[in-house]
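Structure at a glance
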Amino acid sequence: MNSSRPYMLRALYEWIVDNDCTPYILVDANHAGVAVPPGYSADGQIVLNTAPAAVRDFTMDNQAISFEARFSGAPFSLYVPITAVLAIYARENGQGMFFDAQSDLLSEEDSAEPVDATKATESPVTLHAVSTQTAKDDEGDDDEPPTPPTGGRPSLRVVR
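Okay, so let's go over this structure.

Basis of the calculations
Every chain is numbered independently, its residues counted from 1 as its sequence is written. Reporting in this predicted model follows two pLDDT cut-offs: at least 70 for local features of residues, and 80 or more for side-chain atom pairs to be given and counted; totals over whole chains, interfaces and linings ignore these cut-offs and use all residues. As a rule here, side-chain values come from all non-hydrogen atoms in the structure, and water together with hydrogens is ignored. Here a helix means four or more residues in a row that DSSP labels H or I, a strand means two or more in a row labelled E, and each is numbered from the N terminus. Any Lys or Arg side-chain nitrogen found within 4 Å of a carboxyl oxygen on Asp or Glu counts as a salt bridge. For each residue, the accessible area found with a 1.4 Å probe, counting protein chains only, is set against the maximum for its type, and the residue is called buried under 20%, exposed over 50%, and partly exposed in between. DSSP calls a pair of strands paired once it identifies at least 2 bridges connecting them. To define axes, lines are fitted to C-alpha atoms, for helices over the stretch in contact only, and angles between the resulting N-to-C directions are given on a 0 to 180 degree scale. By the convention used here, residues are in contact when the closest approach between their heavy atoms is within 4.5 Å.

1. Quick word on unusual backbone geometry
Phi angles above zero are rare outside glycine, and Asp20 is one such case at about 55°. Its location among the elements puts Asp20 in the loop between α1 (5-18) and β1 (23-28). Its identity is not glycine, yet Ser72 carries a phi of approximately 55°, on the positive side. Within the secondary structure, Ser72 sits in the loop between β4 (64-71) and β5 (74-81).

Okay, structure coming up:
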């Protein structure tokens, strides 16, 4: 099965741009194959502004993100493998998604080997929609999903 990371990155990038926000990506600068300007990373990570007005020749596919940008006035071609992207978020409000460095069950190197899904997680996770305005601790039966609240903005919470 293909990794969901590139699909999530593309969707969030489009959503951030469509909402007139600035998409930033957090990159593991020490990851194999990453080409970013030297001296701009801190603690092995670099935050890159990928707004359409800030970059040229932007390409995001299932393997990598590549584009040209200026750093202190000098042009630089950047190449970021998808597995090196740690987060994508909007500068203006911080909304986006962080990725675990090892979150993909199948990497390109492991794609020939089967994965035992029972070892990937110890317990099943169930997501339920809850309202942020009316959410409260349920002291009732944990086997039944909570009844959906009326009104308010829905959100998700993890129930184990």
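Structure's up, so let's keep going.
2. Some points on the pattern of salt bridges
Side-chain pairing between opposite charges can occur once the charged atoms of the two side chains come close. Applying the stated criterion across every chain, the model contains one salt bridge. A salt bridge links Arg91 to Glu92, with the shortest nitrogen-to-oxygen separation between them at 3.3 Å. You can call Glu92 partly exposed: its relative accessible area is 40%.

3. A closer look at the sheet that holds β4
The strands that make up a sheet are held in pairs by hydrogen bonds between backbone atoms, and each pair lies either parallel or antiparallel. An order of β3-β4-β5 is seen for the three strands of this open sheet, with the pairing classed as antiparallel. Pairing within the sheet leaves two strands with one partner each, and these edge strands are β3 (56-60) and β5. Going from strand to strand, the sheet's axes swing by 20° on average, the running direction of each strand aside. One ladder, built from three bridges, connects β3 with β4; its direction is antiparallel. Pairing of Met60 across the sheet is with Ile65, part of β4.

4. Digging into the sheet that holds strand β2 (residues 45-49)
An order of β2-β1-β6-β7 is seen for the four strands of this open sheet, with the pairing classed as antiparallel. This sheet does not close on itself; its edge strands, each paired only once, are β2 and β7 (96-98). Each strand axis lies, on average, 20° off the axis of its neighbour in the sheet, ignoring direction. Direction of pairing for β1 relative to strand β6 (residues 85-90): antiparallel, over a ladder of five bridges. Bridge pairing in β6 links Tyr24 to Tyr89. Packed onto the sheet, α1 meets β1, β6 and β7 and runs at close to 20° relative to β6.

So, to be careful, I would describe these as geometric facts and stop short of saying anything about function.
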